[in-house]
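Residues per chain are reported as follows:
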Amino acid sequence: MGKEDCMVAFDEMTGTGGDVRQAYTALDRWLKEAPPEMLALRRSQAELFFRRIGITFAVYGDEESTERLIPFDIIPRVLTKPEWTKLEAGLRQRVTALNMFLADVYGPKECIKAGIIPADLVYRNACYQLEMVDFQVPHGIYCHIAGIDIVRVDADTFYVLEDNARTPSGVSYMMENREVMLRLFPELFATHRVAPVDNYPDQLLATLRSVAPRSSSADPNICLLTPGQYNSAFYEHSFLADKLGVELVEGSDLLVKDDVVYMRTTQGPKRVDVIYRRIDDDFIDPLVFRSDSVLGVPGLIGAYKAGNVTLANAVGTGVADDKAVYSYMPEIVRFFTGEEPILKNVPTFRCREPEANAYVLDNLDKLVVKEVNGSGGYGMLVGPHANKAQIETFRRKLKASPEGFIAQPTLALSTCPTFVASGVAPRHVDLRPYVLSGANGISCVPGGLTRVALKEGSLVVNSSQGGGTKDTWVLDA
Amino acid sequence: MRIRISHAISYVYAEPARHITQILRLTPRDHDGQHVMSWRIEPTIDGRLRATQDPFGNIVHTFSADGPIAEMAIQVEGLIETTDLAGIVRGITERVPVEVFRRDTLLTMPDAALAGFAEEATQSAETPLAKMHALMDALHEKIACIETGQRTGLGAAAAFAAGEGIPQDIAHIFMACARHLERPARYVSGYVAQSDALTHANGAHAWAEIHLDGYGWIGFDAANGLCPIDTHVRVAAGLDFADAAPIRGARKGGDGEALAVRVSARDAGGRAANQ
Amino acid sequence: MLSRTADSLYWVSRYVERAEYLARILDATMRLSNLPSSYGGAGSEWQSAVATAGCDEAFAKAYGEANERNVCDFLTFNPDNPSSIRNCLALARSNARGVRTALTSEMWDALNGAWLELQRFEKKRMDREEFARFLDWVKNVSLVFDGSAYRTMLRDDGYWFSRLGVYVERADNTARILDVKYHVLLPANEQVGGSLDYFQWTTVLREVSALTAYHWVYREAVKPLLIADLLILNRRMPRSLAACYENISRFLDLLGDSYGRQGPAQRQARKTLANLSNTSIDDVFQHGLHEFIEDFITENNRLGGTIIEQYLQ
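Only a predicted model underlies this, so the values are computations on that prediction, with no experimental measurement involved.

Chemist: For this particular structure, what's the right way to read the overall build of chain C?
Modeler: Of the regular secondary structure elements, chain C holds 16 helices and zero strands. The C-alpha atoms of chain C give a radius of gyration of 19 Å, which matches the 20 Å a tight globule of 313 residues would have. Looking at chain C as a whole, 57% of its 313 residues qualify as buried. Carbon and sulfur atoms make up 48% of the accessible area of chain C, which amounts to about 13,600 Å² in all. Within chain C, one finds 36 positive and 40 negative side-chain charges whose respective centroids are separated by 6 Å.

In structure tokens:
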């Protein structure tokens, strides 16, 4: 199963020809010399490190073990400087377009009037937050922190698989992966000039400071809003708050008075200017969104709309990373930037279009079908790897509500050498770089989080579905 | 008709509240069918009351007060002059694209039974308007209306399955059906004055509005089986009850909340008598 | 700092302190109940243990008869008793987990390790010997946690709130022992002087680990008046009410100075401390030991409430 796409897939280390690519020569030599026992030892040391720092995630719907470690693979994924330079330019362009798109759909709606994107796709989308219509967000920025999922299919071609414009997670893994590699393999860093990633918190802090409301003091008070210790990404929230040097707050720590947000401190209420929120729109203010939310802050939207606090990301960014909207991204990039998209989109069939849906229904065994509102690899059919029953289930779903799905050809995601039970073997990977947008411009630390599908032949890299992570190196020279 | 409205929502807390914030959608606006002659909102305790507008154009008051608050009430008094326009709603500044109102929401998500009912009820009607009337008649026939206060709203599908609903449920069922038939639909909360024409007129009320090409928005009160007439005072509209609820609140402390609502909407007498 | 963080630090300390206190009571009660019944209070020592733990009502609801098995179960592993040792340690850990970055890793390890170990104890069948080991272990958890706080925490408001938790809880605990046992310390009983009284008195001292301290301080045979003096007024005795209030007042003052603002908590604590300083043990007995203790418990609870109001919400 899946063998054939392993054979055609581009390998990060050996390309398609079998010769080791230049960026990997030193790593290849080291791997060949390294005794397998040493690799196994280092791997268990890495696991010990992650356990000790308590970097875990919760798997929803899995009662057995609510806290798990994401498997870490000790073999890094390497990108050359020119590869990264091109990727970074594409990411900047894409995130610029995402922000312009958001400003437009909540403002003049030019892209809808121009027919770039169907009106109903925006207006009927539950993520299109009416509260945001005609509201000027501070400094005009909606998506301050974006995570763009990238896959590679050959030496020169990178596709965007998905945009994450709400509350993308995983950046703590990017940083901790580097940390553990530096501890375990100092010799590799002596032979490779790896671009650092540990300035991410500084860049994030600068981004958050830059978007403080104009009414705030020169030294804006920033906090990170978490749903609390039972959230799957709580480790990341406390990690980031710690690195940023800002308070980690829960909804009940904040109060709103006369449209100003305060946090409850032992010295009385202290004004809050910028909230890096890791709570979804629906839960952020029970007076405006879901009234059963106990995680949010009553009155927060009022304060936001009065211009007294900045939310990062803004409310309503979900309309930009919807999978159906995704299929229009090339046109969106062209419309707003006037440039050709640097990063490609995976060709996408919009099942809402009858012709496309007919094709999809005829080719379910060859396509990847995704639920428009699904995330984390749930609600997804990987045709070539699916059994008959799974395909028939999706056929029924597609016939019942075609507008809820898109389909894409199975991509031969690139593979990267990975240390698995049988030794070092190729496994499919993707890449999630994190792009920050502030009043101070766009920044992006080199690399990002590489996710790896640990099962042989598997294309699903999500941690909730048996994926692991790797350190990602961008070589400076 | 001149309608005098008096609405009091009172709260008693077993454990005094330290702080409360409330969002009040209790203030009607003018449109072609209604004119607000006077309107007053008065909380019985000191606090801050600030008026804004929500995305739907509803007038929203935010009320906040610090405790300890053992009890409080919001009192609303007003006088409205209405005209019967056969349910047609005009003269409102629409702020949200009509397409938005085709969204399914938590409370208006149709299930198979609802969808089947909507299709069957409307299949013999010719025009979109006739279809909506057919739907209203069928729904009025099928689902018994019980008084608000007998229970809380269930959402469209559950109320339909239960076979009876408070006016809020019936509005949601109607909206769910209309949206299933690809009509934009919205929820309206308001008041109705007692009249011989109505079977359900207990002061506060809720109904649906449907957008039809050539007409704009038209009200459908399936609980009463008619389009709103001059007995209906329109206060707030939204995607469903959650957007148009008269009060949404949050509080610190204040365990053991007891809520009491008193509402009346009455014909205040003819124009001549007041001139 | 965030009120919630301070609140968690305060409660983590209180719960750990309370767990240790429960272990002490059980330890002392076991010892008393091991005596031949002619010396003991015919089983009333278990009822008295529940009362001292401050949960007689909840106990009566759950069990009825106060015997060794019921009381030990209720005060140690019972998940339905909000202040069983198990729940104290669980609450301490979950409070700590929510504010992990405010704790040092040593403090977290102490709590997290205790929680894991507790689950091992829970699974074991306990004979008396094992139970005694368990009680020792609980006391040790408290020592390790307290010690790691003392040795590793920055001396700022976080530390002060954590200390306040310890001393408010400790004052309450000592006062509760006195509240339940005051009658064995009254002069009317002193004349009896039998072995029964001796065991009762030393039980009181054991409950606060002060039997040895007593002899060093007073160099006299065990006498009720002096026991009361040691537990109420003697500042050299770390669990005395006076010592607790000396600390409470000190840490509240540090907070007040650091925040540049004094409040009702500071004033209340000073008043209680002054009271304890200006009173002699004879005054206490003249005024009525029971009334004195009851007043103190009320005042101490009030101070707890004031601290919460002033800083923690």
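Chemist: Explanation requested: the sheet that holds strand β12 (residues 349-350) of chain A in the structure shown.
Modeler: Pairing between the strands of a sheet comes from backbone hydrogen bonds, and it takes one of two forms, parallel or antiparallel. Residue and element names in this part refer to chain A. If you walk across this open sheet you meet the four strands as β12-β15-β13-β14, and the pairing is antiparallel. In the strand order of this sheet, the two ends are held by β12 and β14 (380-382), each with one partner. Pairing of β12 with strand β15 (residues 405-409) involves two bridges; the strand directions are antiparallel. Along β15, the bridge assignment pairs Phe 349 with Ala 407. Helix-sheet contacts for helix α16 (residues 388-400) involve β13 (367-371), β14 and β15, and the interaxial angle to β14 is about 130°.

Chemist: Sorry, what's going on with the side chain of Arg 248 of chain B here?
Modeler: With respect to the helices, strands and loops of the structure, Arg 248 of chain B is situated in strand β12 (residues 247-253). For the buried Arg 248 of chain B, which has no salt bridge, the nearest side chain bearing the opposite charge is Asp 243 of chain B, at an N-O separation of 5.2 Å. Only 3.4 Å separates the side chain of Arg 248 of chain B from the backbone oxygen of Leu 287 of chain A, close enough to count as a polar contact. With near-sequence residues (within four places) excluded, Arg 248 of chain B lies in contact with Pro 286, Leu 287, Val 288, Phe 289, Arg 290 and Ser 291 of chain A together with Thr 21, Gln 22, Ile 23 and Ala 242 of chain B.

Chemist: Help me understand the confidence of the model for chain C, please; the structure alone is not making it clear to me.
Modeler: Should pLDDT be low for a region, the predicted coordinates there are not to be read in detail. A residue-level look at chain C finds 94% of positions with pLDDT of 70 or above and a mean pLDDT of 89. Of the two predicted TM-score estimates for the complex, the pTM is 0.88 and the ipTM is 0.90.

Chemist: How should I be thinking about the pattern of salt bridges in this particular structure?
Modeler: For the structure shown, the criterion picks out 61 salt bridges over all chains. A salt bridge links Arg 239 of chain C to Glu 17 of chain C; the shortest N-O distance between them is 3.1 Å. Residue Arg 239 of chain C is found in the loop between α12 (224-232) and α13 (241-259), and its partner Glu 17 of chain C is found in helix α1 (residues 3-33); the two are separated by 222 residues along the sequence. Comparing Arg 239 of chain C with Glu 17 of chain C shows no difference in burial state: the two are buried. What emerges from the salt-bridge pattern is a single network uniting Glu 12, Arg 21, Arg 77, Glu 83 and Arg 152 of chain A.

Chemist: What is the right way to read the packing of aromatic side chains from this model?
Modeler: Scanning the model with the defined rule gives 36 aromatic pairs over all chains in all. Pairing Phe 49 of chain A with Phe 50 of chain A gives two aromatic rings, centres 5.5 Å apart and planes at 70°, and the pair type is edge-to-face. Like Phe 50 of chain A, Phe 49 of chain A is buried. Here a set of aromatic residues connected by ring pairs shows up, and it is made of Phe 77, Phe 121, Phe 131, Phe 134 and Trp 137 of chain C. Lying over the aromatic face of Phe 251 of chain C, Arg 250 of chain C brings its terminal NZ or CZ to 4.6 Å of the ring centre.

Chemist: It is not clear to me how the interface of chain A and chain C should be interpreted in this structure. Could you clarify?
Modeler: Accessible area lost upon the coming together of the parts serves often as the stated size of an interface. The partner chain C presents 17 residues to the 17 residues of chain A that form the contact. Sorting the residues of chain A by area buried against chain C places Gln 229, Thr 266 and Gln 267 of chain A first, and these three jointly supply 43% of that buried surface. Inspection of the chain A/chain C interface yields two salt bridges. With a shortest N-O distance of 3.3 Å, Arg 4 of chain C and Glu 250 of chain A are connected by a salt bridge. Across the chain A-chain C interface, the total number found is nine residue pairs in polar contact (both at pLDDT 80 or more). Breaking the side of chain A that touches chain C down by element, the ones donating at least two residues are α10 (234-244), β5 (247-249) and β7 (260-265) of chain A.

Chemist: Sorry if this is basic, but what is going on with the nonpolar core here?
Modeler: One broad trend across soluble globular proteins is that nonpolar side chains are buried collectively. Counting 106 residues, the largest nonpolar core has Ile 85, Phe 134, Ile 232 and Leu 252 of chain C as the members making the most contacts within it. If one sorts the elements of this core by residue count, α1 of chain C sits on top with 14 residues. In contact with Phe 134 of chain C, not counting residues within four places along its chain, are Thr 76, Phe 77, Ile 85, Leu 118, Phe 121 and Met 126 of chain C. Counting 89 residues, the second-largest nonpolar core is a separate cluster that includes Leu 87, Val 297 and Val 309 of chain A together with Leu 2 of chain C.

Chemist: So what exactly am I meant to see when it comes to the sheet that holds strand β10 (residues 310-312) of chain A here?
Modeler: Residue and element names in this part refer to chain A. Ordered in space as β5-β4-β9-β10, the four strands form an open sheet in which the pairing is parallel. Each end of this open sheet is capped by a strand with a single partner; those strands are β5 and β10. Averaged over all adjacent pairs, the angle separating strand axes in this sheet is 30°, with direction ignored. Sheet topology places strand β4 (residues 222-225) next to β5; three bridges connect them, and they run parallel. Among the inter-strand pairings, Cys 223 is bridged to a residue of β5, identified as Glu 247. Each of β4, β5 and β9 (274-277) touches α10; the most contacted strand, β5, lies at about 150° to it.

Chemist: Help me understand helix α15 (residues 354-362) of chain A, please; the structure alone is not making it clear to me.
Modeler: Helical periodicity: at 3.6 residues per turn, an α-helix aligns residues three or four positions apart in one direction. Residues and elements named next belong to chain A. Within the sequence span of α15, burial applies to Ala 356, Asn 357, Val 360 and Leu 361. The arc that holds the buried residues of α15, viewed along the axis, is 135°, so those residues lie on one side. Turned more than 90 degrees from where α15 packs its buried face, Glu 355 and Asp 362 sit exposed. Residues of α15 that are buried sit in contact with β12, β13, α16 and β15.

Chemist: I tried to follow unusual backbone geometry on my own but got confused; where do I start?
Modeler: Across residues other than glycine, the phi torsion is negative in most instances, and most of the peptide bonds are trans. Residues Ala 312 of chain A and Asn 313 of chain A are joined by a peptide bond in cis, for which omega reads -5°. Note that Asn 313 of chain A resides in the loop between β10 and α12 (318-321). Across the junction of Gly 67 of chain B and Pro 68 of chain B, the peptide omega takes the value 5°, indicating a cis bond. Backbone geometry at Asp 134 of chain A places phi at a positive 65°, although glycine is not the residue there. On the secondary structure map, Asp 134 of chain A appears in the loop between α6 (119-123) and β2 (145-152). The class of Asp 134 of chain A is exposed, set by a relative accessible area of 52%. One non-glycine residue, His 139 of chain A, lies in the positive phi region at around 60°. Examined against the element boundaries, His 139 of chain A turns out to sit in the loop between α6 and β2.

Quick notes on the rules
Residues numbered from 1 in each chain as written. Chains lettered and ligands numbered in written order. Predicted model: local features only at pLDDT ≥ 70, side-chain atom pairs only at ≥ 80, totals over all residues. Heavy atoms only, no water. Helix = DSSP H or I, 4+ residues; strand = E, 2+ residues; numbered from the N terminus. Rg over C-alpha atoms; globule rule 2.2 N^0.38 Å. Buried < 20%, exposed > 50% of the residue type's maximum accessible area, 1.4 Å probe, protein only. Areas by Shrake-Rupley, 256 points an atom, 1.4 Å probe, with all protein chains shown as cover. Lys, Arg positive; Asp, Glu negative; His and termini not counted. Charge placed at Lys NZ, Arg CZ, Asp CG, Glu CD. Pairing = 2+ DSSP bridges. Contact = heavy atoms within 4.5 Å. Axes fitted to C-alpha atoms, helices over the stretch in contact; angles between N-to-C directions. Salt bridge = Lys/Arg side-chain N within 4 Å of Asp/Glu carboxyl O. Polar contact = N/O pair within 3.5 Å; in protein donor to acceptor, adjacent residues only side chain to side chain. pLDDT = per-residue confidence, 0-100. Phe/Tyr/Trp six-rings, centres within 6.5 Å; stacked < 30°, edge-to-face > 60°. Lys NZ or Arg CZ within 6 Å of the ring centre and 35° of its normal. Buried area = accessible area lost by both parts, 1.4 Å probe. Core = buried A, V, L, I, M, F, W, Y, C linked by side-chain atoms within 4.5 Å. Arc of directions from axis to C-beta.

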